[in-house]
Every structure is written in C-alpha cells, then in structure tokens.
Amino acid sequence: MATSRLPPATLTLKQFMRRQQVLLLYRRILQAIREVPNDSDRKYLKDWAREEFKRNKSATQEDTIRMMITQGNMQLKELEKTLALAKS
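Residues numbered from 1 in each chain as written. Predicted model: local features only at pLDDT ≥ 70, side-chain atom pairs only at ≥ 80, totals over all residues. Heavy atoms only, no water.

- For the protein chain, an unreviewed UniProt entry supplies the name LYR motif-containing protein 2 and the organism Leptonychotes weddellii.
- Database annotation for the protein chain, UniProt heading Subcellular location (unreviewed entry): "Mitochondrion".
- Regarding the protein chain, the relevant UniProt record gives this comment under Function (unreviewed entry): "Involved in efficient integration of the N-module into mitochondrial respiratory chain complex I." (UniProt positions renumbered as here; feature names shortened; annotations may be inferred.)

Shown next as structure tokens:
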C-alpha cells in the first residue's frame, strides 16, 4: 500500500501560509549566499542558515514564527547590503 506524502496533521490555511513564507525566506537566503565570492565564507553561511532553520523547525507558536521570519528578513537584507557593498 502506498504511503501518503501528506504530513500527519493537516495544516490550517494560516499555518500553510506561514510555511510558504518560511520556505520562500530560506530559498532567498540560499540565493543570496550563492553570491558570496569566498568559498569558505559561502560554506559557513550555508551551514549556518541550514542549522538555524533546522533548529527552529519545531516552533509552533504563531508569534514566535512571525518574529523569526521578521528577523530572517532583516538578516537577509543585511547580507544583500553587504554583498552590494563588496561588489562596488
């Protein structure tokens, strides 16, 4: 019998939307990290991002998740600014 790929607990619409925000943030961070010129810095940042998302994977409180998304977006903007300065 085939197993379902759906999570054991079905997400509410709000949870689904938050999940999409988190996944988009993760992808955007990884895309920005690809622009880092130094290989060791790029690997360090990629490992850091992966560990941060894994560490917070079990968060369920709506306010906590929203705060983490906000902090992640701020860190992404800082990284993008730093990369823009490095290129100029």
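Let us keep going from here.
**Quick word on a nonpolar patch on the surface**
Line of reasoning, step 1. A contiguous nonpolar surface patch, about 400 Å² in accessible area, is contributed by Leu11, Leu13, Phe16 and Met17.
Line of reasoning, step 2. Mapped onto the elements of the fold, Phe16 is located in helix α1 (residues 13–33). (Patch = residues over 30% accessible without salt bridge, like charges linked within 9 Å, V, L, I, M, F, W, Y side chains within 5 Å. Areas by Shrake-Rupley, 256 points an atom, 1.4 Å probe, with all protein chains shown as cover. Salt bridge = Lys/Arg side-chain N within 4 Å of Asp/Glu carboxyl O. Helix = DSSP H or I, 4+ residues; strand = E, 2+ residues; numbered from the N terminus.)

**Quick word on the nonpolar core**
Line of reasoning, step 1. One finds Leu25, Ile29, Leu30, Ala32, Ile33, Val36, Ala49, Leu76, Leu79 and Leu83 forming the largest nonpolar core, which totals 10 residues.
Line of reasoning, step 2. Of all the secondary structure elements, the ones that give two or more residues to this core are α1 and α3 (62–87).
Line of reasoning, step 3. Of all the elements, α1 adds the most residues to this core, at 5 residues.
Line of reasoning, step 4. Discounting residues that sit within four places of it in the chain, Leu79 has contacts with Ala32, Ile33 and Leu45. (Core = buried A, V, L, I, M, F, W, Y, C linked by side-chain atoms within 4.5 Å. Buried < 20%, exposed > 50% of the residue type's maximum accessible area, 1.4 Å probe, protein only. Contact = heavy atoms within 4.5 Å.)

**Remarks on α3**
Line of reasoning, step 1. For α3, with 26 residues, the first-to-last C-alpha span of 38 Å sits near the 38 Å given by 1.5 Å per residue.
Line of reasoning, step 2. Buried residues of α3: Ile65, Ile69, Gly72, Leu76, Leu79 and Leu83, and no others. (Expected span 1.5 Å × (residues − 1).)

**Considering the UniProt feature "domain: Complex 1 LYR protein" (unreviewed entry) in the protein chain**
Line of reasoning, step 1. Annotation from UniProt places "domain: Complex 1 LYR protein" (unreviewed entry) at residues 20–78.
Line of reasoning, step 2. Structurally, residues 20–78 is divided into 81% helix and 0% strand, and its ends, taken at the C-alpha atoms, are 22 Å apart.

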